[in-house]
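Notes for the structure review
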Amino acid sequence: MSEVLQMKQRTIEGFGPRLADLRRTRDVTQAELGHMVDVSQRVIAYYETQDAQPPGALLADLAIALKVSADGLLGLKPMKPKASPKKARLMKRIQQVEKLPQSDQRAVLKFVDALVESRRRSA
């Protein structure tokens, strides 16, 4: 087997599932991701399900679109989980609550508990 053919057949394990997980974490459809990197939804589906990896230029575009490093996308470097914008705002507010005096923190928790209980009863 030629060296070029061997290189084409070499893949990094887990690329497809990692790509799919990152895409879902970012709350992006295959079609939307395809549009972002100028390929069809079928191309994204192919790379998510087949034992194949995109060419370097597309890999770079995917990493940029998903806001991760190429090393992270390839699984060569662990990625820090990134929260969705909604979750990021919520986490920022929780951090602000953590800075409040203990009595204010308890008041916030009582309010949250009451709101959750109220929604649970009305559901």
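Residues numbered from 1 in each chain as written. Predicted model: local features only at pLDDT ≥ 70, side-chain atom pairs only at ≥ 80, totals over all residues. Heavy atoms only, no water.

Next up on the list: the side chain of Gln30. On the secondary structure map, Gln30 appears in helix α3 (residues 30-37). Setting aside anything within four residues of it in sequence, one finds Gln30 in contact with Arg23, Gln41, Ile44, Ala45 and Glu48. (Helix = DSSP H or I, 4+ residues; strand = E, 2+ residues; numbered from the N terminus. Contact = heavy atoms within 4.5 Å.)

Moving on, we get to the packing of α3 against helix α4 (residues 41-49). In the contact formed by α3 and α4, the axes pass within 7 Å of each other and the chain directions differ by 110°. As summarised for this structure, α3 and α4 are arranged roughly perpendicular, according to the angle between their axes. When α3 is examined against α4, the residues Gln30, Ala31, Leu33, Gly34 and Val37 are found in contact with a partner set consisting of Gln41, Ile44, Ala45 and Glu48. Split into classes, the residues belonging to the contact of α3 with α4 amount to five nonpolar, three polar and one charged. (Axes fitted to C-alpha atoms, helices over the stretch in contact; angles between N-to-C directions. Parallel < 35°, antiparallel > 145°, perpendicular 65-115°, else oblique. Nonpolar A, V, L, I, M, F, W, Y, C, P; charged D, E, K, R; others polar.)

Right, let's talk about unusual backbone geometry for a bit. Among all residues save glycine, negative phi is the norm, and among peptide bonds the norm is trans. The phi dihedral of Asp27 is positive, around 55°, even though this residue is not glycine. Residue position: Asp27 is located in the loop between α2 (15-25) and α3. Despite not being glycine, Asp38 has its phi angle at roughly 65°, a positive value. Topologically, Asp38 is positioned in the loop between α3 and α4. A relative accessible area of 72% means that Asp38 is categorised as exposed. (Buried < 20%, exposed > 50% of the residue type's maximum accessible area, 1.4 Å probe, protein only.)

Any segment with low pLDDT has predicted coordinates that should not be analysed in fine detail. When pLDDT is averaged along the protein, the result is 85; 86% of the residues meet or exceed 70. Within the protein, no element has a lower average pLDDT than helix α1 (residues 3-9), which sits at 48, and none a higher one than α3, at 96. Between residues 4-8, whose pLDDT stays under 50, and residues either more than four places distant or in other chains, the model counts one contact. (pLDDT = per-residue confidence, 0-100.)

Residues of α2 that are buried: Phe15, Gly16, Arg18, Leu19, Ala20, Leu22 and Arg23. For α2, the secondary structure elements touched by its buried residues are α3, α4, α5 (56-66) and α6 (70-74). Residue Asp27 follows α2 closely and has a positive phi angle near 55°.

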